[in-house]
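# An overview of the molecular structure
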Amino acid sequence: MPEFFESRAGKQLLALTAGALVLWSVGYVWHLQIFSAFKTLSVDTIDAWVLSIFIFGLASFVYSLLRIFDLRKEMHRQHQHARRSHWIATHDHLTGLPNRYAFENFEILQPLLNEDDDHQPMATIFSIDLDGFKKVNDLVGHQGGDQLLRDVSKRLAAFADEGCVFRFGGDEFIVVARGLAPEKSGRFGNLIIHSLTRPIQVGVIWCQVGASIGYARWPEHGDLLQDVCHKSDIALYEAKSKGANTSLAFHEDMQQKVLARAKLEGQLRDAIDAGRIKPFYQPLIDLRSGAVCGFEALARWTEEDGSNVSPLIFITIAEETGLITTLFQQLLATACEDSKLWPEEIVLAFNLSPVQMEDRLLTSRILEILKTAGLPPARLEVEITENALIEDPELAASIIDDLHNAGIQVALDDFGTGYSSLAQLARYKFDKIKIDKSFVSSLRKKGDRHDKIVQALLNLSKGLEIKTTVEGIEDNAQLAYFLQEGCDIGQGYLFGKAMPASETVSFLESRDRMLHTSTIVSAHS
Ligand code: C2E
Ligand code: CA
Ligand code: CA
């Protein structure tokens, strides 16, 4: 009982009882006074008083009804407003689909999953990312891109129940297929790809995008939908790396790969900060004179324990994480300093990543580094792969023009392995073509397929009057072949592997000595 009087209700009851007692006593005194006053009043006056009180009471009653009505309207408005704000917070305004917040808060999804009482609840989560959306966006403009995304979301909506298709932002979507049997998931993923890759009309233009898909199952891959979605994202990442229009199921190995990669990414950041990635230099040989005409800077990452990580691995990570710009600036600055050790006619060749060809400020960044090091632009040659020309050919052409105008030479690297066409070659001002080492290693005998391809590549560069470098020369037979074909420059293990800066000067001296000796021998014979 005492607890009751301590509660809010008990306290209110006590306060009301006390108030009523006070009112009663005050009211009783007033009542006596009013009663005696009434005795002195005439009947007409009392009538007037009663009428006034009645009218006043009625007016007050109507007034309160109006206020209650207003209050109800306000409450309704606020309710609508709250519902609208909630919708905005949980939906993507462009497509009207629920967003990541809605997914992560289970607001829409969890009740739908629990609804299925007849069967053991299960679902497959598909993470979908469009391939080539950026290109289409550039082609049709942002409004056209928006329309494409709306069409894509409508197509996806056909694959799942209402509230089970989400847009997580950009060109990322999630489809939750309730009750889908595990063995049907793969086919379902392919059907989504098939549907999304059908052309979409935007204004007068027909556009086509691709789709990469990763999927994982609930509850098999996690009790929480967020965990399952994280796994379908991992599968998506793997699918993306396999090329466009791939659908992949999550597998535990993928998670290990992601963890290993995240670890390597952290180590790469540390290595860049600590300056542990250094340029090594592989000689470029003028095949006519046999002299060294340049060095190609190749990045080398040696850990404190002496282990090495291949540039094919860490350059890719640096490109994907955006670390490439910092790494590039660091390596180029060192390489410019190192190249001052060499005679002036020796060129420094430096690789550019495809992602750097999206940087309009690339040329000015390079010039700044050259200026700081005091190296003339003519001593630098940048190597660009064919793949760097695909993403934005116009921008690539303008960057190549800028480099040219600044006096920097431009070489087309790994020629023959990418996707460039002959028409593309004519469009860009290359000073040099580097025939990829895969063509050299596959050369067997005159007249075979590989020989014919190499002949075609050499004829092309001769026709365009562009110098040719051949990569990957490992033996004398290969050297003899390219000498005979009139190739200009050679590079490969036969001449030397990439070496640290400290060894380049002695390499140049020994090469000079070797040439000198062979000149004397040939003069005497
Ligand atoms: P790349 O530009 O085609 O470089 C030539 C690659 O061929 C180098 O591999 C080199 O060591 C290797 N090589 C040279 N001669 C021979 C040979 O006779 N036989 C064989 N089998 N291989 C030979 P590396 O150093 O592993 O570099 C691999 C790739 O990594 C490079 O290919 C380049 O694309 C990239 N890379 C290296 N350093 C950098 C850098 O600083 N920046 C950028 N963006 N990419 C770099
Ligand atoms: Ca290269
Ligand atoms: Ca190459």
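Residues numbered from 1 in each chain as written. Chains lettered and ligands numbered in written order. Predicted model: local features only at pLDDT ≥ 70, side-chain atom pairs only at ≥ 80, totals over all residues. Heavy atoms only, no water.

### Some words on the site of ligand 1
Just so we agree on the cut-off: Any residue with a non-hydrogen atom lying within 4 Å of a molecule or strand is treated as near it. Polar contact is the term for a pair of N or O atoms within 3.5 Å; when the atoms are in protein, one must be able to donate a hydrogen and the other to accept it, and sequence-neighboring residues count only if both atoms are side-chain atoms. All accessible areas in this document rest on Shrake-Rupley with a 1.4 Å probe, and a residue is counted as covered only by the protein chains that are shown. Only DSSP runs of H or I reaching four residues or more are called helices, and only runs of E reaching two or more are called strands; each is numbered from the N terminus. The classification used treats Ala, Val, Leu, Ile, Met, Phe, Trp, Tyr, Cys and Pro as nonpolar, Asp, Glu, Lys and Arg as charged, and all other residues, Gly among them, as polar.
Taken together, the neighbourhood of ligand 1 is formed by 21 residues, with Q282, R300, S353, E474 and Y493 sitting nearest. One of the side-chain nitrogen or oxygen atoms of E471 is found 3.4 Å away from an oxygen atom of ligand 1. The contact in question runs from an oxygen atom of ligand 1 to an N or O atom on the backbone of Y493, over 2.8 Å. Considering ligand 1 on its own, with 800 Å² of exposed area, one finds that the protein chains cover 84% of that surface. Elements supplying a minimum of two residues to the shell around ligand 1: strand 9 (292-302), helix 10 (311-321) and strand 13 (409-415). Here the element with the most residues in the shell around ligand 1 is strand 9; it accounts for four residues. Class assignment of the residues belonging to the shell around ligand 1 gives a composition of nine nonpolar, five polar and seven charged.

### Comments concerning the coordination of the calcium ion (ligand 2)
Here is the rule we go by: For Na, K and Ca the donor cutoff is 3.2 Å, while for all other metals N, O and S atoms count as donors only within 2.8 Å; water does not appear among the atoms, so some sites may look incomplete.
Around the calcium ion (ligand 2), the protein contributes the donor atoms E296 (OE), N351 (OD1), E383 (OE) and D413 (OD), which lie 2.1 to 2.3 Å from the metal centre. Counting residues between consecutive donors of the calcium ion (ligand 2) along the chain gives the motif E-x54-N-x31-E-x29-D.

### Brief notes about the sheet that holds strand 2 (residues 165-169)
For sheets, the rule is that strands pair by backbone hydrogen bonds, running either parallel or antiparallel. This is how it is decided: When DSSP locates at least two bridges between a pair of strands, those strands are taken to pair. For helices, the axis comes from a line fit to the C-alpha atoms of the stretch in contact; other axes are also lines fit to C-alpha atoms, and the angle between any two N-to-C directions lies between 0 and 180 degrees.
If you trace the five strands from one edge of the open sheet to the other, you get 2-3-1-6-7, paired in mixed fashion. Looking at the sheet topology across the chains shown, the edges are occupied by strand 2 and strand 7 (247-249). Each neighbouring strand pair of the sheet contributes to a mean axis angle of 20°, computed without reference to strand direction. For strand 1 (residues 123-131) and strand 6 (residues 210-218), the ladder comprises nine bridges, and the chain directions are antiparallel. Directly across from I125, in strand 6, lies its bridge partner A216.

### Structural notes on the domain arrangement of the protein
Let me state the cut-off plainly: Here the bounds of each domain stem from an automatic or database domain assignment.
As far as domains go, the protein holds domain 1 (2-88), domain 2 (100-250) and domain 3 (259-524). Once you take the C-alpha centre of each, domain 1 and domain 2 turn out to be 60 Å apart.

### As for the pattern of salt bridges
Which entries qualify depends on this criterion: One speaks of a salt bridge when a side-chain nitrogen belonging to Lys or Arg is within 4 Å of a carboxyl oxygen belonging to Asp or Glu. Buried, partly exposed and exposed residues are distinguished by accessible area as a fraction of the type maximum, computed with a 1.4 Å probe on protein chains only: under 20%, between the cut-offs, and over 50%, respectively.
Inspection of every chain in the model, using the stated rule, returns 26 salt bridges. Residue D70 is joined to R67 by a salt bridge in which the shortest nitrogen-to-oxygen separation is 2.4 Å. Separated by three residues within a single helix, D70 and R67 lie in helix 3 (residues 43-90), roughly one turn from each other. Using a relative accessible area of 37% as the deciding quantity, one classes R67 as partly exposed. For E265, the salt bridge identified is with R269, shortest N-O distance 3.1 Å. Highlighted residues: E265 and R269, both in helix 9 (residues 252-273), separated by four residues, approximately one helical turn. For R269, a relative accessible area of 37% gives the class partly exposed.

### Side note on a nonpolar patch on the surface
Threshold: What goes into a patch is any residue over 30% in relative accessible area without a salt bridge, connected to like charges within 9 Å or, for nonpolar side chains (Val, Leu, Ile, Met, Phe, Trp, Tyr), within 5 Å.
Taken together, L51, F54, I55, L58, F61, V62, L65, L66 and I68 make up a surface patch of nonpolar side chains, about 900 Å² in accessible area. Inspection of the secondary structure puts L65 in helix 3.

### So, the nonpolar core
Cut-off, in case you're wondering: Think of a nonpolar core as a cluster: buried Ala, Val, Leu, Ile, Met, Phe, Trp, Tyr and Cys residues, connected wherever their side-chain atoms sit within 4.5 Å. Any two residues whose heavy atoms approach within 4.5 Å at even a single point are treated as in contact.
Ranked by internal contacts, the top residues of the largest apolar core, which has 76 residues, are I277 and I366. Counting residues per element, this core draws most heavily on helix 11 (residues 324-339), at seven residues. Not counting residues within four places of it along the chain, the set of residues in contact with I366 comprises F328, L332, L380, V382, L403 and I408. By size, the runner-up hydrophobic cluster in this structure holds 47 residues, among which are I128, V136, F173 and F188.

### Looking at the coordination of the calcium ion (ligand 3)
Those protein atoms acting as donors to the calcium ion (ligand 3) are D413 (OD), D414 (OD), E471 (OE) and E471 (OE), and they sit at 1.8 to 2.9 Å. Owing to a relative accessible area of 5%, D413 belongs among the buried residues under this scheme.

### Notes on helix 17 (residues 476-484)
Where we set the bar: When we speak of the arc, we mean the arc of directions from the helix axis to the C-beta atoms.
For helix 17, every residue scored as buried is listed here: Q478, L479, Y481 and F482. Along helix 17, the residues classed as buried sweep out an arc of 160° about the axis, all on the same side. Exposed and facing more than 90 degrees away from the buried side of helix 17 are N476, A477 and Q484. In the core, the buried residues of helix 17 are packed alongside helix 15 (437-441), helix 16 (449-463) and strand 15 (467-470). For helix 17, the N-terminal cap is D475; the gap from its side-chain oxygen to the backbone nitrogen of A477 is 3.2 Å.

### A word on the packing of helix 11 against helix 12 (residues 362-373)
Put simply, the test is: For any helix crossing, the convention is left-handed if the near helix is rotated counterclockwise from the far helix by under a right angle, and right-handed if that rotation is clockwise.
Running from N to C, helix 11 and helix 12 point in directions that differ by 35°, and their axes come no closer than 9 Å. Between helix 11 and helix 12 the crossing geometry is right-handed. Across the interface between the two elements, T325, F328, Q329, L332, A333, C336 and E337 of helix 11 pack against L362, R365, I366, I369, L370 and A373 of helix 12. Here the residues of the contact of helix 11 with helix 12 are counted per class, giving nine nonpolar, two polar and two charged.

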